[in-house]
Amino acid sequence: MPIWLTLLTQFSILAFAILGGVFLAFSDFLMRSLKMEAMQSINREVFRYIFIPLFLAMVPVSIVLAVSAYLTLPNSHWFIAAALIYSLGAFAVTMFGNVPMNNKLEALGSDTEEGLSYWENRYLPVWTLYNSIRTAACILASGVLLFAMTP
């Protein structure tokens, strides 16, 4: 394996694990302790920090890994699997599940009955389910790449 591919794979393993850890914290205990206003603030602030660039960058990085492995390695199926797991299980779930829910939450007032009802009855359980899927996808993608690096 070329050294650049080894380094990119190692970086990806760490990035997937870090992203999975952030998602795990939300699913495990943060969502149960947050109020609607706090989540609205988090959804606005997340764009100002490293999480979003790392989260977004891992889609093209995954594709580069998968294509490079396909062209050079006999065990490329692991790299392709990791790219698919992350792209579908973390990125697509975010774009088509969590983000629309975040947008709706932002539009609702936290001091309205409709807003509080959405927060308690829909947002908390469904968003957390989607987030748990993202957690599993990131950790699984990390594990698959780790396995791919095993001689």
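Residues numbered from 1 in each chain as written. Predicted model: local features only at pLDDT ≥ 70, side-chain atom pairs only at ≥ 80, totals over all residues. Heavy atoms only, no water.

What the protein chain contains, in helices and strands, is five helices and zero strands. When the elements of the protein chain are put in sequence order from the N terminus, they spell out α-α-α-α-α. Along the first, second and third principal axes, the C-alpha atoms of the protein chain reach 55 × 25 × 20 Å. Here the protein chain holds 151 residues, and the buried ones make up 45% of them. Put simply, 81% of the contacts in the protein chain that link residues at least 6 apart link residues at least 24 apart. A total accessible area of about 8200 Å² is found for the protein chain, and carbon and sulfur atoms account for 71% of it. Of note, the protein chain has its 7 positive side-chain charges centred 7 Å away from the centre of its 8 negative side-chain charges. (Helix = DSSP H or I, 4+ residues; strand = E, 2+ residues; numbered from the N terminus. Buried < 20%, exposed > 50% of the residue type's maximum accessible area, 1.4 Å probe, protein only. Contact = heavy atoms within 4.5 Å. Areas by Shrake-Rupley, 256 points an atom, 1.4 Å probe, with all protein chains shown as cover. Lys, Arg positive; Asp, Glu negative; His and termini not counted. Charge placed at Lys NZ, Arg CZ, Asp CG, Glu CD.)

Moving on, we get to the side chain of Ser 142. The residue Ser 142 is located in helix H5 (residues 113–148) in this model. Taking the relative accessible area as the measure of exposure, Ser 142 reaches 10% and is therefore buried. Once residues within four sequence positions are removed from consideration, Ser 142 is found in contact with Ile 13, Phe 16 and Ala 17.

Within helix H2 (residues 36–45) the residues assigned to the buried category are Met 36, Met 39, Gln 40 and Asn 43. Mapping the buried residues of H2 onto a view down its axis gives an arc of 100°, with all of them on the same face. Where the residues of H2 are buried, they touch helix H1 (3–33), helix H4 (76–107) and H5. (Arc of directions from axis to C-beta.)

The subject of this paragraph is the environment of Trp 119. The residue Trp 119 is located in helix H5 in this model. Here the alpha-carbon distance between Trp 119 and Lys 35, two residues 84 residues apart in the chain, equals 8.7 Å. Ignoring anything within four residues of it in the chain, the contact list for Trp 119 reads Met 31, Leu 34, Lys 35, Met 36, Met 39, Leu 105 and Leu 124.

Glancing now at the pattern of salt bridges. Counting across every chain of the model gives three salt bridges. Here Asp 28 ties to Arg 32 by a salt bridge, and the two come within 3.9 Å at their closest N and O atoms. With a gap of four residues between them, Asp 28 and Arg 32 both fall in helix H1, about one helical turn apart. Given the relative accessible area of 66%, Arg 32 is considered exposed. Among the salt bridges present, the one from Glu 45 reaches Arg 48, with a minimum N-O distance of 3.4 Å. On the basis of relative accessible area, Glu 45 is assigned to the partly exposed category, the value being 27%. (Salt bridge = Lys/Arg side-chain N within 4 Å of Asp/Glu carboxyl O.)

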